[in-house]
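This is what each chain is made of:
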Amino acid sequence: MRTSWVVVGIVVSALALPVRSASVVLASGGQPRASIVLPAEAAEPLRTAAKDLQTYVRMICEVELPIVTDGRTVEGCGLYIGACGPAQPADLPEAGANPETAALRVRDGNVLFAGRWPTPTAFAVYSFLEDTLGVRWFAPGALWEYVPKGTPGDLAVEVAERVMVPGTSPRVWSGHAWTPDWKAWSLRNKAVLSEVVPRRQFQ
């Protein structure tokens, strides 16, 4: 009986471990206080995610964050998408994890979006837009998206570090027209083929 209580105590203690988080200021006083940083040779999913991050932050607070190439000095918070300056190997999801696993890290006042491939790295950005900024895409097209309205000129958020493992992999929405709106909607909802996950029929 004593052993059982020891095991329970260990489990409870593990569950009680704090999640690393940080308060991040993206805009204040009508000015950007963060920059979106991309690798020099960023793949298309990363460039698309960076542009969406810039667009939706502007829609929320009416301030446009600059998108810069890695290697430049960043004032304030850096939103690092992929393998940029402060990124470390430990930021990546575990090598044995599902290849579509994405990670969100916070360190030294910066936010790092990490994945072992470009598409899951973009998934980390879209999870941030959903879970931290509250954006939703219910159907393709601007009419069906929800963007919360913040205080014009100011935006500060609490960012919690986490790893996001897909419940189903891959996720492909088939049987629709391949229009730009549909393509954007699929990527934002993480329902596109990743680089290393083969497509399976009738899923």
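Definitions and cut-offs
Residues numbered from 1 in each chain as written. Predicted model: local features only at pLDDT ≥ 70, side-chain atom pairs only at ≥ 80, totals over all residues. Heavy atoms only, no water. Helix = DSSP H or I, 4+ residues; strand = E, 2+ residues; numbered from the N terminus. Buried < 20%, exposed > 50% of the residue type's maximum accessible area, 1.4 Å probe, protein only. Contact = heavy atoms within 4.5 Å. Pairing = 2+ DSSP bridges. Polar contact = N/O pair within 3.5 Å; in protein donor to acceptor, adjacent residues only side chain to side chain. Patch = residues over 30% accessible without salt bridge, like charges linked within 9 Å, V, L, I, M, F, W, Y side chains within 5 Å. Areas by Shrake-Rupley, 256 points an atom, 1.4 Å probe, with all protein chains shown as cover. Salt bridge = Lys/Arg side-chain N within 4 Å of Asp/Glu carboxyl O. Axes fitted to C-alpha atoms, helices over the stretch in contact; angles between N-to-C directions. Parallel < 35°, antiparallel > 145°, perpendicular 65-115°, else oblique. Nonpolar A, V, L, I, M, F, W, Y, C, P; charged D, E, K, R; others polar. Expected span 1.5 Å × (residues − 1).

## Structural notes on the overall build of the chain
Next, step 1: Summing up its helical and strand segments, the chain has 4 helices and 11 strands in all.
Next, step 2: Taking all 203 residues of the chain together, 43% fall into the buried category.
Next, step 3: Contacts spanning at least 24 positions in sequence make up 69% of the contacts within the chain whose residues lie at least 6 apart.

## Overview of the sheet that holds strand E2 (residues 31-32)
Next, step 1: Here we have 3 strands laid out as an open sheet, ordered E2-E1-E10, and antiparallel in their pairing. The outermost strands of the open sheet, each flanked by one partner alone, are E2 and strand E10 (155-160).
Next, step 2: Bridge count between strand E1 (residues 21-28) and E10: 6 bridges; the pairing is antiparallel. Residue Ser-21 lies in a different strand from E10, and its bridge partner there is Ala-160.

## Here we look at the side chain of Arg-188
Next, step 1: Its location among the elements puts Arg-188 in helix H4 (residues 180-188).
Next, step 2: Here Arg-188 falls in the buried class, since its relative accessible area comes to 16%.
Next, step 3: Reaching out from Arg-188, the side chain makes a polar contact with the side chain of Tyr-56 at a distance of 3.3 Å.
Next, step 4: Residue contacts for Arg-188: discarding those within four places in its chain leaves Asp-52, Tyr-56, Tyr-126, Trp-137 and Glu-145.

## As for a nonpolar patch on the surface
Next, step 1: Together, Phe-138, Leu-143, Trp-144 and Tyr-146 give the surface a local cluster of nonpolar side chains, amounting to about 540 Å² of exposed area.
Next, step 2: Taking relative accessible area as the criterion, Phe-138 reaches 58% and is therefore assigned exposed.

## So, the pattern of salt bridges
Next, step 1: The full count for this structure, using the stated rule, is 8 salt bridges.
Next, step 2: Of the charged contacts in the structure, one is a salt bridge between Glu-161 and Arg-105, with a shortest N-O distance of 3.9 Å. Of this pair, Glu-161 sits in the loop between E10 and strand E11 (162-164) while Arg-105 is found in strand E6 (residues 102-107), placing the two residues 56 residues apart along the sequence.
Next, step 3: Classification of Arg-105 by relative accessible area gives buried; the value is 13%.
Next, step 4: For Lys-190, the salt bridge goes to Glu-130, with nearest N and O atoms at 2.9 Å.

## Topic: the packing of helix H2 (residues 44-61) against helix H3 (residues 118-131)
Geometry of a packed helix pair, given as the angle between the helix axes and the separation of the axes.
Next, step 1: Following both chains from N to C, one finds H2 and H3 inclined at 10°, their axes separated by 8 Å at the closest point. The pairing of H2 with H3 is recorded here as roughly parallel in orientation. Between H2 and H3, the contacting residues are Pro-45, Leu-46, Thr-48, Ala-49, Asp-52, Leu-53 and Tyr-56 on the first element and Pro-118, Thr-119, Thr-121, Ala-122, Val-125, Tyr-126, Phe-128 and Leu-129 on the second.
Next, step 2: Residues belonging to the contact of H2 with H3 are distributed by class as follows: 11 nonpolar, 3 polar and 1 charged.

## Some points on H2
Next, step 1: For H2, spanning 18 residues, the distance from its first C-alpha to its last is 26 Å, which sits close to the expected 26 Å at 1.5 Å a residue.
Next, step 2: Pro-45, Leu-46, Ala-49, Ala-50, Asp-52, Leu-53, Gln-54, Thr-55, Tyr-56, Val-57, Ile-60 and Cys-61 are the residues of H2 that are buried.
Next, step 3: Residue Glu-62 follows H2 closely and has a positive phi angle near 65°.

Any functional reading would require information beyond the geometric quantities listed.
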